[in-house]
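Each chain, letter by letter, is given below.
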Amino acid sequence: MAPKLDAELRKQLAARVDYYREMGIHDFYRQPIPESAVTAEEDSGQAVEPTEAARPLPIPNDKPVALRLIREDIGDCTRCVLHKGRKNLVFGVGSVNADIMFVGEGPGADEDQQGEPFVGRAGQLLNNMIAAMGLKREDVYIANVVKCRPPGNRTPERDECDTCMPFLLRQIEVIRPKVIVALGAVAAKNLLPVNDSMANIRGRWFDFKGARLRVTYHPAFLLRDPRQKKEAWKDLQAVMKYLDLKPKSKAPEE
Ligand code: SF4
């Protein structure tokens, strides 16, 4: 029989679930409820206070702590098949106070090896794009839609993205960036209710839970088709204009 929770704990849980729904998070993972959190009502007819561990915790104002809690919730994740091939789970990196958050698709071989997003050739190009904006990599926050490397660098499947997205949404909620830059179609289509071509979703602003969102090309695509760098630079210039950033150089080089 399902354990019985006391009325106050039930109310707090409902409030927490509403909070996540407002953020667009609808999938929840069950964790076993510690026995001590279950009221003794069924046995004795008397409700007992849940332990501290069983109470839903508020999101801490301390951003590093909040991010650490998300990382702890992910744990040694096996929620989707991507866990099977990973060497390292790639959580995210950068400033907790970043105004800009870059969101990519998923880790590649170098990222899987090092446990950090965008550290290979595409990462070098992203660093150059960030530098061209007059910023350092440490000034922004970088994360991916899926946190484990898809085998052979294939595009992550719909269910894999859906399973992993709640963690990214929680990271965004903690960082509270002014601008989110979606790198490529997978990031854009997971963050936005759009199913359009890059040509149609680039070049305009979207609202995303209090932030502004801009879509540009994924650096790995720019490595394959360097002619599009000019277009990506236009996207970044729009972000710079919005944030009143001054460029350091004309356009990012590989
Ligand atoms: Fe878990 Fe995300 Fe990795 Fe899938 S990709 S195993 S949901 S962390």
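Here the structure is a predicted model, which means the values were calculated and not measured.

Rules used throughout
- All residue numbers refer to position in the chain's written sequence, counted from 1.
- It should be noted that, the model being predicted, local features are given only for residues of pLDDT at least 70 and side-chain atom pairs only at 80 or more, the latter also being counted only at that level, while totals for whole chains, interfaces and linings use all residues.
- Values reported for side chains reflect all heavy atoms of the structure, with hydrogen atoms and water molecules removed beforehand.
- Exposure is judged per residue with a 1.4 Å probe applied to protein chains only, and the accessible area is read against the type maximum: over 50% gives exposed, under 20% gives buried, and values in between give partly exposed.
- Helix numbers and strand numbers start at the N terminus; a helix is a DSSP run of H or I with at least 4 residues, a strand a run of E with at least 2.
- Pairing between strands requires that DSSP locate at least two bridges from one strand to the other.
- Residues grouped as a nonpolar core are buried Ala, Val, Leu, Ile, Met, Phe, Trp, Tyr and Cys residues, joined through side-chain atoms within 4.5 Å.
- Here a Phe, Tyr or Trp ring, Trp counted by its six-membered ring, pairs with any other such ring whose centre lies within 6.5 Å, and the pair is stacked when the planes are under 30 degrees apart, edge-to-face when over 60, and tilted otherwise.
- As a reminder, the over-ring test applies to NZ of lysine and CZ of arginine, requiring each to be within 6 Å of the ring centre and within 35 degrees of the ring normal.
- Any residue with a non-hydrogen atom lying within 4 Å of a molecule or strand is treated as near it.
- Gly is placed with the polar residues, together with every amino acid not listed as nonpolar (Ala, Val, Leu, Ile, Met, Phe, Trp, Tyr, Cys and Pro) or charged (Asp, Glu, Lys and Arg).
- For a helix, the expected span equals 1.5 Å multiplied by the number of residues minus one.
- Only heavy atoms enter the contact rule, under which two residues are in contact if any of them lie within 4.5 Å.
- One side-chain nitrogen of Lys or Arg within 4 Å of one carboxyl oxygen of Asp or Glu is enough to make a salt bridge.
- Axis definition: a line fitted to C-alpha atoms, over the contacting stretch in the case of helices. Angles run 0 to 180 degrees between N-to-C directions.
- In what follows, roughly perpendicular refers to angles from 65 to 115 degrees, roughly parallel to angles under 35, roughly antiparallel to angles over 145, and oblique to any angle outside these ranges.

(A) How the structure looks around the pairing of strand 3 (residues 141–144). What you see with strand 3 is no split at all: Tyr141 and Ala143 on one side and Ile142 and Asn144 on the other are buried throughout. Here two bridges tie strand 1 (residues 93–94) to strand 3, and the two strands are oriented antiparallel to one another. By the bridge assignment for strand 3, Gly94 is matched with Tyr141. Relative to strand 3, strand 2 (residues 100–104) runs parallel, the two being bridged by four bridges. Looking across to strand 3, one finds that Met101 is bridged to Tyr141.

(B) View of the sheet that holds strand 3. Pairing is mixed in the open sheet, where six strands are placed in the order 1-3-2-4-6-5. In this open sheet, the two strands that pair with only one neighbour each are strand 1 and strand 5 (206–208). The pairing of strand 4 (residues 179–183) with strand 6 (residues 211–216) spans five bridges and is parallel. Its bridge partner lying in strand 6, Val179 is registered against Arg212.

(C) Main features of the environment of Lys63. In this structure, Lys63 sits in helix 3 (residues 63–74). Sequence spacing of Lys63 and Val174 is 111 residues, and the spatial spacing of their C-alpha atoms is 6.1 Å.

(D) Highlighting the nonpolar core. Counting 67 residues, the largest nonpolar core has Ile100, Phe102, Met133, Leu168, Leu191, Leu213 and Val215 as the members making the most contacts within it. The element that contributes the greatest number of residues to this core is helix 6 (residues 158–175), accounting for nine residues.

(E) Seen up close, the packing of aromatic side chains. One pass over the structure, following the stated rule, counts two aromatic pairs. On the basis of an interplanar angle of 45° and a centroid distance of 5.2 Å, the ring pair of Trp205 and Tyr242 is categorised as tilted. Taken together, the residues span a long stretch of sequence, with Trp205 in the loop between helix 8 (198–201) and strand 5 and Tyr242 in helix 10 (residues 229–243) at a distance of 37 residues. Summarising the aromatic geometry, the rings of Tyr217 and Phe221 are spaced 5.0 Å apart at their centres and angled 35° between planes, so their arrangement reads as tilted. The residue whose ring lies beneath Lys209 is Phe208, and the NZ or CZ to ring-centre distance is 5.6 Å.

(F) Main features of the site of the ligand. Neighbouring residues of the ligand: Cys77, Cys80, Leu82, His83, Arg86, Leu89, Lys147, Cys148, Thr163 and Cys164. Looking at the shell around the ligand, its residues break down into six nonpolar, two polar and two charged.

(G) Focus on helix 10. With 15 residues, helix 10 extends 21 Å from end C-alpha to end C-alpha; this agrees with the ideal 21 Å at 1.5 Å per step. Where the residues of helix 10 are buried, they touch strand 2, helix 5 (121–132), strand 4, strand 6 and helix 9 (219–224). Positive backbone phi, approximately 60°, marks Asp244, located one or two places after helix 10.

(H) Just the pattern of salt bridges, in detail. Counted according to the given criterion, the structure contains 13 salt bridges. With a closest N to O distance of 2.8 Å, Arg86 and Asp76 form a salt bridge. One end of the pair, Arg86, is in the loop between helix 3 and strand 1; the other, Asp76, is in the loop between helix 3 and strand 1, with 10 residues separating them in the sequence. Look at Arg86 and you get buried, because its relative accessible area is 16%.

(I) Summary view of the packing of helix 3 against helix 6. Relative orientation of the contacting elements helix 3 and helix 6 amounts to 175°, with a least axis distance of 9 Å. Between helix 3 and helix 6, the angle falls in the class roughly antiparallel. Every residue of helix 6 that contacts helix 3 at Lys63, Ala66, Leu67, Leu69, Ile70, Asp73 and Ile74 is listed here: Phe167, Arg170, Gln171, Val174 and Ile175. Of the residues in the contact of helix 3 with helix 6, the class split is eight nonpolar, one polar and three charged.

(J) Looking closely at the side chain of Gln171. Considering the arrangement of structural elements, one finds Gln171 in helix 6. Exposure remark for Gln171: the relative accessible area of 0% places this residue in the buried category. Once you skip the residues sitting within four places of it in the chain, Gln171 turns out to touch Leu67, Ile70, Phe91, Gly92, Met101, Tyr141, Ala143 and Lys147.

(K) The arrangement of the pairing of strand 6 in detail. Counted residue by residue, strand 6 has five buried out of six residues, so it is predominantly covered. Pairing between strand 5 and strand 6: three bridges, direction antiparallel. Note that in strand 6 the partner of Asp207 across the bridge is Arg212. Following strand 5, the chain reverses through two residues before pairing antiparallel with strand 6; Lys209 in that reversal takes a positive phi of roughly 45°.

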